[in-house]
Amino acid sequence: MYKSLLIDPAKCTSCLQCEMACSYEHTGAFNPARSRIKIYEFEHGRYAIPFTCTQCEEAWCLHACPVEAITVNPATGAKDVHEDVCVGCKVCTIACPFGAVNYDRETKTVVKCDLCGGDPKCAEACPTDAITYVDEEWTGYERMRQYAERTHQFS
Amino acid sequence: MGWQRKVLRVDLTNGTVREEPLNMEWAFQYIGERGLATRYLMENMDPKVDAMSPENVLIFATGPLTGTMASTSGRYAVITKGPLTNAIACSNSGGKFGAELKYAGYDLLILEGKSPRPVYLHILDDAVEIVPADDLWGKSVWDTEAWLKSTHQNPHLKVASIGVAGERGVHYACIVNDLHRAAGRSGVGAVMGSKNLKAIAVRGTRGVTVDDPDRFMKVVKEVNALLVDDPGRKGLTKHGTNAMMASMEEFGALPTRNFQEVQFEGQDKINHRGVRARNRNGHVNLITNKACFGCTIACGRIADIDHNHFTIVNRKEYWHASGGLEYETAYAFGPVVGIDDVDALTFAGYLMNEHGMDPISFGVTLAAAMELYEMGVISKEDTDGVALNFGNPEALTVMAEKTGKYEGFGQVLGLGSKRMCEKYGHPELFMGVKGQEFAGYDSRALQGMGLGYATSNRGACHLKHDTFEVDMDDQSGNGKAKPCKESQDFVAMLDSTGLCLFPASAWGAPQFQQMLDAACEGDWTEERILECGERTWTLERQFNLAAGLTAADDTLPPRLLKDPAPSGTARGKVCELDKMLPEYYSERGWTGDGIPTRDTLDRLGLA
């Protein structure tokens, strides 16, 4: 049984602590340009949406890779990119329907979310719980529970 | 580390760009941002020059903690000589631009000279170009940002720009970044305009590292925990700075109708409760809160205006959310001009961001114009037919737009209150210090605030000292000089780190010391960082004295010194500046004429 990142955009203030934490974990520097999670803002900041890889069960990126550089991490279920195998062909960046796999000019490989080996730093850094790390079955149920609570108030 | 150790110097006259190493000796004496840029400014210009001349120098500065995981690490400062004050300008902004500039690899960006034609600066790490801006000149801040992102096909660009107000020299034009964050005060946008520089667009991918990463992350975690539990922080997250309005009303320190009164009957419609109230169409002004870069507080407000409101009912281009009311905007478009229409205030706020103007200075200038109008000194013939009565929301929004576009009576309002009041023969109606208008605190009820206003190096300012606690405890001039001086030094230090003032509700010198010591090489003690703050404050004073200012400029308008507060907890009181000022000079080690003594300069290494 794996865990998933649960993202609640309504709680996101767009502070980018997650982008700094991600880049620090993976590159040793605070550098949002190299973060694997991104916040996108819309309408003068009214909406701020954190976005990253959701670790698809049938992962398009994994299947598209011609050199098998992307494999499933048995401990976390994350689809990990092996930088020493990746040839930087970028086919996976085309295959991913969500744009969650990206080319990194520094390493000359693709990079994507690896759930930090089971201790995702973005979730740890998020000051508003817009990003949490929960049981993978709970990602939808939590929202269902919130709506159920609203319904309950009127029933 | 902490610093990028690199300065980007742009000569706009000759169109050249060069990198130079950061002067580390100065970095160790001034930390970064505000202090360090002041040191560079002193070295690079004569304080006597006209603020709008090519000889003025414009510096964008980040601090060693800018772009790190320390909370509120998105700050940068603009340091130059201000046209509003003819004193040193030190305007601090949040948003995301500052961190991006640091990520591009620079601690400081120094702009010199004047471009022969309109240009913008495009920075992609170390690829820097000065680009003709003929297509951008005349555009608003909002259109400029959209144009740059689309033209460069780069949604990650962060933009700081000026609107028409800055191009045309409105004395309190600001530099706006990320649509609704601004280096707001003293007219730094007019300086940018005088250099024919429309915008700076930056993308940085270099990252920032710190000296001792493990210790830094541990310290950040510890100090963030203090912030999480802090009641001041909780209030800012929930209500934003506008929670201040109800407190100031209660205290009787809420400047109303150009400081003729200190309490405003309409404040409940525009305070932190007013923005959450449902109007008769069912519309609620406040939508949510948003943060600047790296900030775990998120005091920023996002609001929208009822589409049926008279300001935008026929203007669909404004049917969208944007930056909402923070306290100073709410004060400057509310009590001080006697207006209680929350959507009119919000729309005027949109216009300030769109056209690049400081809401405090605009609102307080309009307040003086309203007083002149009600006195009969000016009439509809002067004001393009608009009735400038206190309380008229249309006067606010129409004049905000006219000033932003530099049209009609807006050109007079664009002079700022001091010059406008002098023009009409009533200098006593100017509510400010050194040419800069007051923030939303009346110094008859808050004595230390009066001393802070009078002595702030950038003219009237509420952000360069913090004496709220002692002011609330004792409403006389007693015992204000020491906390005023000490908090000025503390804030000067804080402003030099790259962080925001607001965590200071939970963090004191020990917390800033721990973060700096972990992030930067060298041995940083509390004593040393506070001395850096005092050194910065004193150097700013030296700049002003060299620019021709004297102790006579450390004063307040007669209304605050002679006319007693008409109501509130300080009813009958005036500001006791005459008692506080000599004590303050002595605390600072300055002569009775406000000049730092040789001993003081020696002690701070400024001789």
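Just so it is clear, the model here is predicted, and its values are computed rather than measured.

### Observations concerning the overall build of chain A
- Across its full length, chain A holds 5 helices and 8 strands.
- Taken from the N to the C terminus, the helices and strands of chain A come in the order β-α-β-β-α-β-β-α-β-β-α-β-α.
- Here chain A has a C-alpha radius of gyration of 16 Å; the compact-globule value for 155 residues is 15 Å, and the two agree.
- Its C-alpha atoms give chain A principal-axis dimensions of about 55 × 35 × 25 Å.
- Here chain A holds 155 residues, and 41% of them are scored as buried.
- In chain A, the share of contacts with a sequence separation of at least 24, taken over all contacts with a separation of at least 6, comes to 56%.

### Thoughts on the overall build of chain B
- Looking only at helices and strands, one finds 23 helices and 17 strands in chain B.
- For a compact globule of 607 residues, the expected C-alpha radius of gyration is about 25 Å, and chain B comes in at 22 Å, within 12% of that figure.
- Per-residue burial for chain B yields a buried fraction of 62% across its 607 residues.

### What about the interface of chain A and chain B?
- Facing 22 residues of chain A, the contacting portion of chain B comprises 25 residues.
- It is helix α1 (residues 17-27) of chain A that contributes the most residues to the side of chain A that touches chain B, 6 residues altogether.
- Its residues assigned to classes, the side of chain A that touches chain B comprises 10 nonpolar, 9 polar and 3 charged.

### Brief notes about the pairing of strand β1 (residues 6-11) of chain B
All names here are of chain B.
- Summarising the sheet, β1 and strand β2 (residues 16-21) pair through 6 bridges and their orientation is antiparallel. Across the sheet, V10 pairs through a bridge with V17, a residue of β2.
- Joining the antiparallel neighbours β1 and β2 is a turn of 4 residues, in which G15 adopts a positive phi near 70°.

### What to know about the nonpolar core
- Within the largest apolar cluster, 235 residues are counted, with the highest numbers of intra-cluster contacts made by I59, L108, I175, A368, A369, L396 and M515 of chain B.
- At 10 residues, the largest contribution of residues to this core is made by helix α12 (residues 359-375) of chain B.

### Quick word on the domain arrangement of chain B
Residue and element names in this part refer to chain B.
- Each assigned domain of chain B is listed with its residue range as follows: domain 1 (6-203), domain 2 (238-433) and domain 3 (447-570 + 586-603).
- Contacts between domain 2 and domain 3 engage 15 residues on the former and 17 residues on the latter.
- Per-class residue counts for the side of domain 2 that touches domain 3 are 10 nonpolar, 3 polar and 2 charged.

### Description of helix α7 (residues 213-229) of chain B
All names here are of chain B.
- With 17 residues, α7 should reach 24 Å at 1.5 Å per residue; the first-to-last C-alpha distance of 25 Å fits that figure.
- Every buried residue of α7 is accounted for by F216, V219, V220, V223, N224 and L227. Taken end-on, α7 shows its buried residues confined to a sector of 135°, consistent with a single buried face. In α7, the exposed residues that point more than 90 degrees away from the buried face are D214, K221, E222, A225 and D229.

### Remarks on unusual backbone geometry
- Unlike most non-glycine residues, C116 of chain A shows phi in positive territory, near 50°.
- Note on placement: C116 of chain A falls in the loop between β7 (109-111) and α4 (121-125).

### Concerning the sheet that holds strand β7 (residues 119-124) of chain B
All names here are of chain B.
- Pairing in this open sheet of 6 strands is mixed, and the strands run β8-β7-β12-β9-β10-β11 from one edge to the other. The outermost strands of the open sheet, each flanked by one partner alone, are β8 (127-132) and β11 (181-183). Across the sheet, the mean angle from the axis of one strand to that of its neighbour is 20°, orientation sign disregarded.
- On top of the sheet, helix α4 (residues 141-151) reaches β9 (158-161), β10 (175-177) and β12 (197-203); it is set at about 145° to β9, its chief contact.

### Some remarks on the domain arrangement of chain A
All names here are of chain A.
- For chain A, the assigned domains read domain 1 (1-52 + 115-155) and domain 2 (56-112).
- One C-alpha centre belongs to domain 1, the other to domain 2; they are set 21 Å apart.
- Counting from both sides, the interface comprises 7 residues of domain 1 and, opposite them, 9 residues of domain 2.
- Counted by class, the side of domain 1 that touches domain 2 contains 2 nonpolar, 3 polar and 2 charged residues.

### Let's talk about the environment of F347 of chain B
Residues and elements named next belong to chain B.
- Its location among the elements puts F347 in helix α11 (residues 342-355).
- Owing to 25 C-beta atoms within 10 Å, F347 belongs among the buried residues under this scheme.
- The spatial distance from the C-alpha of F347 to the C-alpha of M420 is 24 Å, given a sequence separation of 73 residues.

### Let's talk about the sheet that holds β1 of chain B
All names here are of chain B.
- Strand order in this open sheet of 6 strands is β2-β1-β6-β3-β4-β5, and the pairing throughout is mixed. Bordering the open sheet on either side are β2 and β5 (88-93), each of which pairs with just one other strand. With strand direction ignored, the average angle separating the axes of adjacent strands in the sheet is 15°.
- In this structure, strand β4 (residues 76-81) lies alongside β5, joined through 6 bridges in antiparallel fashion. Paired with K81 across the strands is I88, a residue of β5.

### Quick word on the packing of helix α2 (residues 33-44) of chain B against helix α20 (residues 526-547) of chain B
Residues and elements named next belong to chain B.
- At a closest axis distance of 9 Å, the pairing of α2 and α20 adopts a crossing angle of 35°. Between α2 and α20 lies a crossing of left-handed hand. Where α2 abuts α20, its residues R34, G35, T38, R39 and M42 lie against C532, T536, L539, E540 and F543.
- A class-by-class count of the residues in the contact of α2 with α20 yields 4 nonpolar, 3 polar and 3 charged.

### Considerations on the confidence of the model for chain B
- On average, residues of chain B score 98 in pLDDT, and 100% of them are at 70 or above.
- Here the predicted complex carries an ipTM of 0.95, next to a pTM of 0.97.

### Structural notes on the environment of K380 of chain B
Residue and element names in this part refer to chain B.
- For K380, the location among the structural elements is in the loop between α12 and α13 (393-404).
- On the neighbour-count criterion, K380 (12 C-beta atoms within 10 Å) is exposed.
- Separated by 159 residues in the primary sequence, K380 and K221 have C-alpha atoms spaced 59 Å apart.
- Not counting chain neighbours up to four residues away, the residues in contact with K380 comprise G385, V386 and A387.

### Examining the environment of R257 of chain B
- Considering the arrangement of structural elements, one finds R257 of chain B in the loop between α9 (243-251) and β13 (286-290).
- The spatial distance from the C-alpha of R257 of chain B to the C-alpha of A368 of chain B is 8.4 Å, given a sequence separation of 111 residues.

### Some words on α11 of chain B
- With 14 residues, α11 of chain B extends 20 Å from end C-alpha to end C-alpha; this agrees with the ideal 20 Å at 1.5 Å per step.
- Among the residues trailing α11 of chain B, G356 of chain B stands out with phi positive, at a value near 80°.

### Observations concerning the packing of helix α19 (residues 509-519) of chain B against α20 of chain B
All names here are of chain B.
- Where α19 meets α20, the closest approach of the two axes is 9 Å, and the angle between their N-to-C directions is 100°. In terms of orientation, α19 and α20 fall into the roughly perpendicular class. Side by side, α19 and α20 meet where A509, P510, F512, Q513 and L516 of the first sit next to E526, I529 and L530 of the second.
- When grouped by side-chain class, the residues that make up the contact of α19 with α20 number 6 nonpolar, 1 polar and 1 charged.

What counts, and where the lines are drawn
- Residues numbered from 1 in each chain as written.
- Chains lettered and ligands numbered in written order.
- Predicted model: local features only at pLDDT ≥ 70, side-chain atom pairs only at ≥ 80, totals over all residues.
- Helix = DSSP H or I, 4+ residues; strand = E, 2+ residues; numbered from the N terminus.
- Rg over C-alpha atoms; globule rule 2.2 N^0.38 Å.
- Buried ≥ 20, exposed ≤ 12 C-beta atoms within 10 Å, placed from the backbone.
- Contact = placed C-beta atoms within 7 Å.
- Nonpolar A, V, L, I, M, F, W, Y, C, P; charged D, E, K, R; others polar.
- Pairing = 2+ DSSP bridges.
- Core = buried A, V, L, I, M, F, W, Y, C linked by C-beta atoms within 7 Å.
- Domains from an automatic or database assignment.
- Expected span 1.5 Å × (residues − 1).
- Arc of directions from axis to C-beta.
- Axes fitted to C-alpha atoms, helices over the stretch in contact; angles between N-to-C directions.
- Left-handed = near helix turned anticlockwise from the far one by under 90°.
- pLDDT = per-residue confidence, 0-100.
- Parallel < 35°, antiparallel > 145°, perpendicular 65-115°, else oblique.

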